[in-house]
Structure formats: C-alpha cells, structure tokens
Amino acid sequence: MNYFLTEEQQAIVETAREVAQKKVKPVREHCDAEEKFSWEAVEAMRAADLFGVYIHQNYGGLGGGGLELCLVVEEISRVCGGVALAIACGGLCSFPIILYGTPEQKKKYLPDIASGKKLGAFTITEPEAGSDATATSCTAKQEGDYYILNGVKNFCSNGEVAEVYTLFATTNKARGARGITAFIVDKGTPGFTFGKKETKMGIRSSPTYELHFDNCKVHKSQVLGGEGRGLFVAQGTFDISRPGVAAQALGIAQGAVDETLNYAKMRKQFGQSVLSFQSSQHMVADMVTQIEAARALLYSVTKAMDVDLKLAVEASEKSGKTVAEEMKKVSSGRWTKYSAMVKLFCSDMAMKVTTDAVQLCGGIGYMRDFPVEKFMRDAKITQIYEGTNQIQRNEIGYAVIKELAQKG
Ligand SMILES: Cc1cc2nc3c(=O)[nH]c(=O)nc-3n(C[C@H](O)[C@H](O)[C@H](O)COP(=O)(O)OP(=O)(O)OC[C@H]3O[C@@H](n4cnc5c(N)ncnc54)[C@H](O)[C@@H]3O)c2cc1C
C-alpha cells in the first residue's frame, strides 16, 4: 500500500532493505545459534548512515523523526529482530537525551550515536523493579559535584557493546517515584562493570546484560532532566520510543510471512502446492490483513507524533530550552495512549502471525535450520519489553478513564 512516504523516507527504506539482505541475512543464523553480536552488521549499518535517521542535522543525523527510525527498524527486523535492536536501543538511549538533554549534553552525546560510532543503551529495570520501575533501589548519592552510583541493573539490551547508558537511580528513596533521577553514564566509568549475560529464547544476537555499579562516580553535569525528574524522563521517552518496538514486531511478522509464502508456494502435498489449499489462503489472508492494519496504525501514529516532535526539536535548537519543554507548547497532550496502542497492537499481531507462519509451514517451520521458528521466538519479546502488554493496556485504560472524567 502507498503510505505516501517522502523520497527521503523511501530511500531510507531501500537502503535498510539492501543492508538487511546483503549484510544481515548472511549472519543471522550463526548469530542466533551462537548468541553472537554482529559487529559486521553494525559496520554495514554505520556505513549506510542508518543509526542517525531520527537525529537532528545539527548533531550529524538525517533530521527525521520517529517514523524514520521505525522504517529502519522494520526493514532490519524483517530479516533479524535481534540485529535491529542495535539501532532501536540507540533510539531508546538517545530519546531521553533528545527530549531532556541540555545543549551541552546533546552536543556531547548525539553525534557519536547518530554516526553509529557509539552504541547506546537504556537501563531502568532491576531485579526487584520491572513493571514497577518506581521500586528502583539503585542509589545515586550526591557528594559535591558528583553523584555516587551503587546498585544493580538487569536485562539491559545492547549491554556491554554500548558506550553510552541512560540510567535511572534514586536520589531520594523517601520521595518514591519523585526521588528518581536520570543520568547519562559512559562505559568505562570506574565502578561500572558488567555482570551476567542472559541466555535467551529470542533476539539472541542482541546481548542482554546485568550492570553493576559500585561507588561509580558520575559528574552532576550528567544528570538528565533535573534531580527527582527521572520518572518524567522515562515516561516521556516511552511515549516516543514504544513505536520502535512496534516497528520491530511489524518487521518480524513481515519477515515470517515472506519466508512462509516462498515455502508454501513450492511445497507440494496431495499433488498440489500447500498454498493452493483454501484453508492456507485464509490463513495468509488473515496474516497479511493484520500486518497491513498494524503498519497503517504505526505509520499514522508516528507521522502525527513527528509533527509535534519536529516542531519542538526546531524550537529547542533556537531557544536552548529542552525539547520536552517545547513539546508542551506545540502538543495537544502526551502521546502515551497512542504509543501504547501501537506497541500493543503490533506486538500481539506479530506473535499471532509468526505462530501461524510456523503452522502453515508444518514440521519444517518448527526446525532450527529453517528461518520461520526464529521469527516466532523473536516476536515474543515485543510483548514484554518497554512495558509488558498488560502495562500497555493499563496505560490505554487509564487514558480513556481520564478523558471521560475530563469530559465530565
Ligand atoms: C530480552 C529483554 C531485553 C530487555 N531490555 C531492557 C533494556 O534494554 N532496558 C531495560 O531497562 N529493561 C529491559 N528489559 C526489561 C523489560 O522491560 C522488563 O522485563 C518488563 O518491563 C517486565 O518486567 P519484569 O520482567 O520484571 O516482569 P514483572 O514486572 O515481574 O511482571 C510479571 C507479570 O506480571 C504482570 N504485571 C506486573 N505488573 C502488572 C500490573 N500493574 N498490571 C497487570 N499486570 C502486571 C506483567 O505484565 C507480567 O505478565 C528487557 C527484558 C528482556 C526480557
């Protein structure tokens, strides 16, 4: 379907598709089997300028918005959802900097993320603080011009390979959610080390690590959005970043259908192609309809959100105020409801479509040396991270109740 992408957006899609086919596809099976991060794929994505499509030109990006990032993530995920995470995590790391960073923080960090020279990560989850991120027990105690970080973060995607980490810690436990502060922490800061690497069901080429902070000294200039404002930073980030998970889910579903159609067309049983059975065609019809509905929702939400985001980014470049402050002026409200909807819809769709893809391929669909089961394993995570789909439903339900109350 024609989504009336601009010439630049279409070029981004074609570039990402070519990189995915030529550089990601040849390594995906090995990286999945060995749980290996592919620096070759990263190098190809860097060379194709895919890391900074959503970052302003003043910081070396292409000047796009959330949609451009989603187009890249969708195309790479169509081949490998794990490799795509190298870029998607850069978005999750840098959106808090884009939204809440000072001009100095943006100048310091965004150019290297835009070029792909440095990978990014975002770390809020802890062993006892998952869906309830306010339960964070990682502490940041101010001593003069520094904060001293202590604690453990877990399940950090791009862990160990990333150079820049946006991190959330409590600066005042007694204040609960209002005591959380966001920081930017560089890999290599003394006291910051890596713990356990997780062994996973899917997205196995993406490293997921535990992070340890042991009297890790971070300068106060690394505070993001102000002390005690961390929860706003996290919420504002998720509003913009969740469509990235949706794009990963969409690409995974599309990739599963691509492989399934190729197979079902040539596979013969009872003297005819498996695809010629009407029951197969009905499954395919449902799969492609759900994919197109998901794509339509994702593109329309990100296009609309980008209108606000791009206006706010331009205004911030002129005023020196944060993008988050400028967003309040241009936006009719927060994007929480729609970004939750798009993440929920696309990830549930991907789980269903990839499960049906395995079914349609029969026994071979279940085998490790055939690519379809990997798409099903990769799809599952999109229903879990950046807030489980129960949490997305909570967010949407809360927004609806609030709107009703406002109407009176
Ligand atoms: C592979 C992987 C990569 C990840 N990458 C990152 C990362 O880069 N950075 C990062 O910070 N985190 C990351 N995470 C963490 C991820 O965001 C959390 O796992 C997720 O938010 C859920 O938290 P939890 O695992 O503690 O589950 P829990 O919060 O323990 O939830 C368990 C179950 O309870 C349900 N539940 C909990 N609270 C509610 C509620 N209020 N209402 C209804 N149901 C509820 C959940 O939906 C779930 O089904 C990653 C996780 C994985 C598995």
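None of the values given here were measured: they were computed from a predicted structure.

Visitor: Hey, could you go over the overall build of the chain for me, with residue numbers and the actual values?
Guide: When helices and strands are counted, the chain shows eleven helices and ten strands. Whereas a compact globule of 408 residues would reach a radius of gyration of roughly 22 Å, the chain reaches 21 Å, a difference of no more than 12%. Here the C-alpha coordinates of the chain stretch approximately 80 × 50 × 40 Å along the principal axes. A buried classification covers 55% of the 408 residues belonging to the chain. Summarising the internal contacts of the chain: among those between residues at least 6 apart in sequence, 75% fall at separations of at least 24.

Visitor: Break down a nonpolar patch on the surface for me, citing the residues and quoting the values.
Guide: Together, V307, L311 and V330 give the surface a local cluster of nonpolar side chains, amounting to about 240 Å² of exposed area. With respect to the helices and strands, the residue L311 is situated in helix 7 (residues 278–319).

Visitor: Tell me about the site of the ligand, and name the residues and values.
Guide: Close to the ligand lie 19 residues, the nearest being T125, S131, F155, S157 and T388. Within the side chain of S131, an N or O atom sits 2.6 Å from an oxygen atom of the ligand. In this structure, a nitrogen atom belonging to the ligand sits 2.8 Å away from a main-chain N or O atom of F155. Of the residues assigned to the shell around the ligand, the class counts are nine nonpolar, eight polar and two charged. A domain-level breakdown of the shell around the ligand finds at least three residues from each of domain 2 (121–224) and domain 3 (230–407).

Visitor: Just give me the short version of the packing of helix 9 (residues 336–361) against helix 10 (residues 372–381), but keep the residues and values in it.
Guide: Between helix 9 and helix 10, whose axes approach to 9 Å, the crossing angle comes to 160°. Between helix 9 and helix 10, the angle is such that the two are roughly antiparallel. Handedness of the helix 9/helix 10 crossing: left-handed. Between helix 9 and helix 10, the residues in contact are A350, M351, T354, T355, A357, V358 and C361 and V372, E373, F375, M376, A379 and K380, respectively. Taken together, the residues of the contact of helix 9 with helix 10 sort by class into nine nonpolar, two polar and two charged.

Rules of the game
- Residues numbered from 1 in each chain as written.
- Predicted model: local features only at pLDDT ≥ 70, side-chain atom pairs only at ≥ 80, totals over all residues.
- Heavy atoms only, no water.
- Helix = DSSP H or I, 4+ residues; strand = E, 2+ residues; numbered from the N terminus.
- Rg over C-alpha atoms; globule rule 2.2 N^0.38 Å.
- Buried < 20%, exposed > 50% of the residue type's maximum accessible area, 1.4 Å probe, protein only.
- Contact = heavy atoms within 4.5 Å.
- Patch = residues over 30% accessible without salt bridge, like charges linked within 9 Å, V, L, I, M, F, W, Y side chains within 5 Å.
- Areas by Shrake-Rupley, 256 points an atom, 1.4 Å probe, with all protein chains shown as cover.
- Salt bridge = Lys/Arg side-chain N within 4 Å of Asp/Glu carboxyl O.
- Near = heavy atom within 4 Å.
- Polar contact = N/O pair within 3.5 Å; in protein donor to acceptor, adjacent residues only side chain to side chain.
- Nonpolar A, V, L, I, M, F, W, Y, C, P; charged D, E, K, R; others polar.
- Domains from an automatic or database assignment.
- Axes fitted to C-alpha atoms, helices over the stretch in contact; angles between N-to-C directions.
- Parallel < 35°, antiparallel > 145°, perpendicular 65-115°, else oblique.
- Left-handed = near helix turned anticlockwise from the far one by under 90°.

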